Amino acid sequence: MLTVRAPATSANLGSGFDVFGVALERPADVVRLEKADRVTIEMTGAGSQYIPEDPEKNTVGAVAEALDAPARIQIDKGVRPASGLGSSAASAAAAAVGLNELYDRGYSREELVPIAAKGEAVVSGDAHDDNVAPSIMGGFTIATEKGVTQVDADIPLVACLPDIVVSTRDARNVVPESARVEQMVETVGNAAALTTGMHRDDPELVGQGMHDTVVTPARAKLIDGYEQVREAALAAGATGVTISGAGPTVIAACAEEDRRRIASTMLDAFGERGVDARVYQTRIGRGAEVF
Ligand SMILES: Nc1ncnc2c1ncn2[C@@H]1O[C@H](COP(=O)(O)OP(=O)(O)O)[C@@H](O)[C@H]1O
Ligand SMILES: N[C@@H](CCOP(=O)(O)O)C(=O)O
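Residues numbered from 1 in each chain as written. Chains lettered and ligands numbered in written order. Predicted model: local features only at pLDDT ≥ 70, side-chain atom pairs only at ≥ 80, totals over all residues. Heavy atoms only, no water.

(A) Structural context of the domain arrangement of the protein. Taken domain by domain, the protein comprises domain 1 (2–151 + 286–290) and domain 2 (156–283). Taken together, the 31 residues of domain 1 in the interface contact 40 residues of domain 2. Summing both partners gives a buried area of about 2,500 Å² for domain 1 against domain 2, and 59% of it is carried by carbon and sulfur. Our enumeration of links across domain 1 and domain 2 arrives at 1 salt bridge. Residues D18 and R172 are paired through a salt bridge, measuring 2.7 Å at the closest nitrogen-oxygen approach. Taken together, domain 1 and domain 2 are joined by 16 residue pairs in polar contact (both at pLDDT 80 or more). Breaking the side of domain 1 that touches domain 2 down by element, the ones donating at least two residues are strand 1 (2–11), strand 2 (20–35), helix 3 (109–124) and strand 5 (140–144). Take the side of domain 1 that touches domain 2: its biggest share by element is 7 residues, from strand 2. In terms of residue class, the side of domain 1 that touches domain 2 is made up of 15 nonpolar, 11 polar and 5 charged. (Domains from an automatic or database assignment. Contact = heavy atoms within 4.5 Å. Buried area = accessible area lost by both parts, 1.4 Å probe. Salt bridge = Lys/Arg side-chain N within 4 Å of Asp/Glu carboxyl O. Polar contact = N/O pair within 3.5 Å; in protein donor to acceptor, adjacent residues only side chain to side chain. Helix = DSSP H or I, 4+ residues; strand = E, 2+ residues; numbered from the N terminus. Nonpolar A, V, L, I, M, F, W, Y, C, P; charged D, E, K, R; others polar.)

As structure tokens, then:
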């Protein structure tokens, strides 16, 4: 059997709604695949009891169909579904990379991004690329209609996942339909700062660029304790804090030496609201790996 490890991802990063994404060093999904006459899916791991094994409803089913690559697919979830950590995308990315190899289809990593995004359309209604792109290509990615720009970057991160479920579909329903010109100007400045920070491996600039006044405030209302956790993380030295993906994970950028303190502060801040949480001390990492 072929084994693929595909990482969790954090999309948006505040100012880059539906465009920016990063691969996380951990957690990750591990997917095993072998050729078969038809697609079958077996799920284990974090939250797997809530994920359908029906190929029509699982992200990997749409990927197998797009690649005309029927297979027995075993998914060990390291990334909890509805986490804001690209859970559905990690499986889709692993399937795209693995089936491409298994069936010798010859697609490049960049060409596999829209194929994996067909899996995302199954769960969120939209074939958005901002999670599958970093899960396949690694690093920091800028996904637009013209394709994906990838930058290898090294920024320490803390991802704090509260015991709350926010589906991507619900979080998309609260996104405002319009923004003021001043907000647009601010967003362009922040997105440019963040992109430059990724090129320089500069957590200060990346954190500064994570600020967003358009989408994040609307979504923050879906996450009990978001403001308290954000303020606590900033006070503990985080250079920027925002919602990861559609939430509920809260993600912080930081300097390496502050990461452990920020992680425990974020856990405590959720705890003070009576919300259980788990925390990943992580960093920007590699894309899907085949073993
Ligand atoms: N292979 C898969 N892994 C995770 N979730 C999946 C998968 N296939 C389908 N889903 C569905 O996708 C939804 C979670 O996706 P999403 O809300 O995008 O989570 P996340 O915010 O972590 O990306 C759940 O309804 C889940 O049942
Ligand atoms: N750009 C999307 C990203 C959703 O990420 P997920 O990890 O929550 O699936 C959005 O913000 O809706």
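Let us keep going from here.
(B) Quick peek at the site of ligand 1. Taken together, 19 residues surround ligand 1, and among them N58, K77, S83, G84 and T168 come closest. Between S91 and ligand 1, the recorded distance is 3.1 Å, taken from a side-chain N or O atom to a nitrogen atom. Taking 570 Å² as the accessible area of ligand 1 by itself, protein coverage stands at 87%. Per-element tally for the shell around ligand 1: the top contributor is helix 2 (residues 87–102), with 3 residues. (Near = heavy atom within 4 Å. Areas by Shrake-Rupley, 256 points an atom, 1.4 Å probe, with all protein chains shown as cover.)

(C) Representation of the side chain of S10 in the model. Note that S10 resides in strand 1. Judged by its relative accessible area of 0%, S10 is buried. Engagement of the side chain of S10 in a polar contact is seen with the side chain of S244, the distance being 2.8 Å. With near-sequence residues (within four places) excluded, S10 lies in contact with F20, G21, V22, L24, S244, G245 and I251. (Buried < 20%, exposed > 50% of the residue type's maximum accessible area, 1.4 Å probe, protein only.)

(D) Structural detail: the site of ligand 2. By nearness alone, 15 residues border ligand 2, and N12, D18, D130, R172 and R219 come closest of all. Within the backbone of L85, an N or O atom sits 3.5 Å from an oxygen atom of ligand 2. Protein burial of ligand 2: of its 340 Å² of free accessible surface, 98% is covered by the chains. When we break the shell around ligand 2 down by domain, the ones giving at least three residues each are domain 1 (2–151 + 286–290) and domain 2 (156–283).

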